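Residue-level structural notes
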Amino acid sequence: MNIQAVVAYCLAKPGAQETYPFGDHVLVAKVGGKGFAFIGQDEPGSVGVKCGATKEEAAELRARHPDAVTVMDYLGRYGWNRVQLGAGVPEAELEELIDASYDSVVTRLPKAKRP
């Protein structure tokens, strides 16, 4: 999956918005004003996603893909990982990670802000 495919996949989610709060190098896909995917625009690209409800679940993903998944800067302590695109994480699994991150954010939104 390349950067353009990840962006298209994220922005196809109900209520998703494209924002650049950190400059042109990082696209933050948000729903209800909360980020669910941090997409690095530098080639080959990366996507930061919320990985599970616990830090252990995020660590399990890093153990399965040590060359492709790292702790996300600043948000890693909350269970966020950065997935390097084209580094071995299957496309279907990456889509599942994005879906789970999106769902995690949506469930915590007030009902009035949910899509």
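Figured I'd write up the structure that's included with this text. (Residues numbered from 1 in each chain as written. Predicted model: local features only at pLDDT ≥ 70, side-chain atom pairs only at ≥ 80, totals over all residues. Heavy atoms only, no water.)

**Here we look at the environment of L27**
- Among the secondary structure elements, L27 is positioned in strand 2 (residues 26-31).
- Remark: the alpha-carbon pair of L27 and G40, spanning 13 residues in sequence, is separated by 6.6 Å.
- Each residue touching L27, except ones within four places of it in the same chain, is listed here: V7, E18, T19, Y20, A37, F38, I39 and Q41. (Helix = DSSP H or I, 4+ residues; strand = E, 2+ residues; numbered from the N terminus. Contact = heavy atoms within 4.5 Å.)

**Brief notes about the pairing of strand 1 (residues 16-19)**
- Bridge count between strand 1 and strand 2: four bridges; the pairing is antiparallel. Pairing of E18 across the sheet is with A29, part of strand 2.
- A loop of six residues connects strand 1 with strand 2, the two strands running antiparallel in sequence, and G23 in this loop sits at a positive phi of about 105°. (Pairing = 2+ DSSP bridges.)

**What about the pattern of salt bridges?**
- Scanning the model with the defined rule gives three salt bridges in all.
- Note that D99 and K13 form a salt bridge whose closest N and O atoms lie 2.3 Å from each other. Of the two residues, D99 is situated in helix 3 (residues 91-108) and K13 in the loop between helix 1 (3-11) and strand 1; the sequence distance between them amounts to 86 residues.
- You can call K13 buried: its relative accessible area is 15%.
- Of the charged contacts, one joins E60 and R64 as a salt bridge, the two residues approaching to 3.3 Å between their closest N and O atoms. Of this pair, E60 and R64 both sit in helix 2 (residues 55-64), four residues apart, roughly one helical turn.
- Given the relative accessible area of 48%, E60 is considered partly exposed.
- Look at R64 and you get partly exposed, because its relative accessible area is 45%. (Salt bridge = Lys/Arg side-chain N within 4 Å of Asp/Glu carboxyl O. Buried < 20%, exposed > 50% of the residue type's maximum accessible area, 1.4 Å probe, protein only.)

By themselves, these observations are geometric and do not establish any function.
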